[in-house]
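# Working through the structure, step by step
Residue-level listing of the chains:
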Amino acid sequence: MDRQLAVAVIGVTGLIGETLITVLEERGFPVAQLYALASNRSLGRSVSFRGRSHPVQELADFDFAHCDLALFCAGAQVSREYAPKAVAAGCLVIDSSSEFRYQEDVPLVVPEVNLHALAGFGQRGIVASPEGCAIQTVLVLKPLQDVAGIERIDVATYQSVSGEGRAAVEELARQSIAALSGQGAVAADARSGQIAFNCVPHIGALQDNGYTREEMQLVWQTRKILGDAALRMNVTAVRVPVFYGHGEAVHLQTRRALGAAQARELLRKAPGVSVMDERVAGGYPAAATEAAKRDTVYVGRIREYLAPDRGLNLWIVADNVRKGAATNSVQIAEAWAQRPI
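Quantities reported herein were computed from a predicted structural model and do not represent experimental measurements.

## Examining the sheet that holds strand β8 (residues 150-159)
Taking strand neighbours across the sheet as the criterion, the 6 strands line up as β9-β8-β10-β13-β12-β11 in an open arrangement whose pairing is mixed. Looking at strand neighbours, the two that pair on one side only are β9 (232-239) and β11 (273-275), the edges of this open sheet. When the angles between neighbouring strand axes are averaged without regard to direction, this sheet yields 20°. Contacts from helix α4 (residues 132-148) reach β8, β10 (246-254), β11, β12 (297-304) and β13 (311-318) within the one sheet, and its direction differs from that of β10 by about 25°.

## Considering unusual backbone geometry
Its identity is not glycine, yet F197 carries a phi of approximately 55°, on the positive side. If you trace the backbone, F197 turns up in the loop between α5 (166-180) and α6 (213-226). Overall, the relative accessible area of 56% leaves F197 in the exposed class.

## A word on the nonpolar core
Ranked by internal contacts, the top residues of the largest apolar core, which has 59 residues, are F64, F72, I153, V299 and L314. In terms of residues, this core owes the most to one element, α4, which gives 9 residues. The contact partners of L314, leaving out residues within four places of it in the chain, are V140, L141, L144, E248, A249, V250, L252, V299, G300, R301 and I302. Membership of the second largest hydrophobic core comes to 31 residues, among which are V12, L34, C73 and A333.

## Quick look at the pattern of salt bridges
According to the stated counting rule, one finds 16 salt bridges in the structure shown. The salt bridge involving E334 is made with R27; its shortest N-O contact spans 2.8 Å. Separated by 307 residues along the polypeptide, E334 in helix α9 (residues 322-337) and R27 in the loop between α1 (15-26) and β2 (31-38) bring together distant segments of the chain. Here E334 falls in the buried class, since its relative accessible area comes to 10%. Given a relative accessible area of 35%, R27 falls into the partly exposed group. Salt-bridge contacts for E265 lead to R268; the nearest nitrogen and oxygen are separated by 2.6 Å.

## Some details on helix α7 (residues 260-268)
Those residues of α7 that fall on the buried side of the exposure criterion are A260, A263, R264, L266 and L267. Axial view of α7: buried residues confined to an arc of 165°, hence all on one face. Among the structural elements, α4, β11, β12 and β13 are those in contact with the buried residues of α7.

## Structural notes on the packing of aromatic side chains
Per the counting criterion, the structure on display carries 5 aromatic pairs. The interplanar angle of 80° and the centroid separation of 5.4 Å between the aromatic rings of Y102 and W220 together place this pair among those described as edge-to-face. Of this pair, Y102 sits in the loop between β6 (92-95) and α3 (111-114) while W220 sits in helix α6, and the two are 118 residues apart along the sequence. The class for Y102 is partly exposed, based on a relative accessible area of 27%.

## Some remarks on the packing of α4 against α9
Two numbers describe how α4 lies on α9: the axes approach to 8 Å, and their chain directions differ by 85°. Compared by their axis directions, α4 and α9 come out roughly perpendicular. In this structure, α4 contributes G132, I135 and L139 to the contact, and α9 contributes K323, G324, A325 and N328. Broken down by class, the residue content of the contact of α4 with α9 amounts to 3 nonpolar, 3 polar and 1 charged.

## Brief notes about the side chain of S129
By the element assignment, S129 lies in the loop between β7 (126-128) and α4. Since its relative accessible area comes to 0%, S129 is described here as buried. With sequence-adjacent residues up to four places away left out, S129 is seen in contact with D95, S96, S97, R101, L108, V109, I135, A325, N328, S329 and I332.

## So, the side chain of N328
Tracing the chain through its elements places N328 in helix α9. By relative accessible area, N328 is classed as buried at 0%.

## Some words on the environment of P201
Structurally, P201 can be placed in the loop between α5 and α6. Its relative accessible area of 55% is what places P201 among the exposed residues. For P201 and R50, which are 151 residues apart along the polypeptide, the C-alpha to C-alpha distance reads 41 Å. Beyond its immediate chain neighbours, meaning those up to four positions away, P201 contacts A237 and V238.

## Description of the environment of H54
Within the secondary structure, H54 sits in strand β4 (residues 52-58). Residues H54 and Q207, 153 residues apart in the sequence, show an inter-C-alpha distance of 42 Å. Contact partners of H54, with chain neighbours within four places excluded, come to L34, A36, S46, V47 and F49.

Scoring rules and cut-offs
Note on numbering: residues in each chain are counted from 1, in written sequence order. For a predicted model such as this one, the threshold for reporting local features is a pLDDT of at least 70, and the threshold for listing and counting side-chain atom pairs is 80 or more; totals across whole chains, interfaces and linings nevertheless cover every residue. Excluding hydrogens and water, the side-chain values take into account all heavy atoms of the structure. For two strands to pair, DSSP has to find at least two bridges joining them. By definition, any uninterrupted DSSP run of H or I lasting at least four residues is a helix, any uninterrupted run of E lasting at least two residues is a strand, and each is numbered from the N terminus. Here, axes are lines fitted to C-alpha atoms. For helices the fit covers the stretch in contact, and angles between N-to-C directions go from 0 to 180 degrees. Between two residues, a contact is recorded if the distance between any of their heavy atoms is within 4.5 Å. Remark: exposure states derive from per-residue accessible area (1.4 Å probe, protein chains only) relative to the maximum for the residue type, with buried under 20%, exposed over 50%, and partly exposed in between. As used in this record, nonpolar core signifies buried Ala, Val, Leu, Ile, Met, Phe, Trp, Tyr and Cys residues forming a set joined through side-chain atoms within 4.5 Å. Counted as salt bridges are all cases of a side-chain nitrogen of Lys or Arg within 4 Å of a carboxyl oxygen of Asp or Glu. By arc we mean the arc of the directions from the helix axis to the C-beta atoms, nothing more. Pairing of aromatic rings covers Phe, Tyr and the six-membered ring of Trp, with a centre-to-centre limit of 6.5 Å; geometry is then stacked below 30 degrees between planes, edge-to-face above 60, and tilted otherwise. Any angle from 65 to 115 degrees is called roughly perpendicular, while one under 35 is roughly parallel, one over 145 is roughly antiparallel, and all others are oblique. By the convention adopted, Pro, Cys, Tyr, Trp, Phe, Met, Ile, Leu, Val and Ala count as nonpolar, Lys, Arg, Asp and Glu as charged, and the other residues, Gly among them, as polar.

See the structure below:
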């Protein structure tokens, strides 16, 4: 990449923002000037990038005319207010919040899966990055869909607390210390309840159909990215006491027969995916030991349904803050920067 770009990172002091800065540096993204933006609560702080300290500036006062690219990772409300201002000033916006994911004229992109959708960014000047579970799901499903088609998907997600941000990570640490110190009942956050040594089958607001917003988001985003609005899909989302890394038990039925051996070979060739599937103890990936702090999506426990009905079972893990958010946004930016001018 020869073009040097002025880049703004919005929400730079959050978990995703901090990781995004790290990924920009690791991948050698062509940053000529970095603008570190956050709310006034973060004024006085700074971030380090390529050996230099960059003071955090207040988003409300920033002129986006200084930038070529704005990477938003501060939540839907911030994106709703400031992303249109960035576009109006001539920036491309890559947004990792939920604000634009379901709008028809905004591409929802996982570069290894549907990079062609990036061609539509010019309509709004905004590209949406999916949520972490959707990214790891479609990375694994796409090569299987291309060969055998997918008729139905059932997913149970086991999502780490970092999906809720830094406060949730700190809350799990606090509750765990309290539980292990023998202090009796754990004083839990009133909003989320006890998460230490617990599993909570409730992520996001409950919808009228009895599913949560998180469960329905995975359905909507998977359909949009894979280009199949009629895809039959059922999801249960569970918050688990893990700091980083989402896990998924995926059960899918293909339109044409696809055995476990063939699925393994397809997935070994899939970009961004690593197969870890040995039928021995520890021969499968786990969130804390494989996924955390890496960009790879791991898949294991690949096996056929017990009943012969074109079914496969898979176990998928990935770091929800890296590939599930920050790295995916940077990969989108790389693809945009490499386009012919």
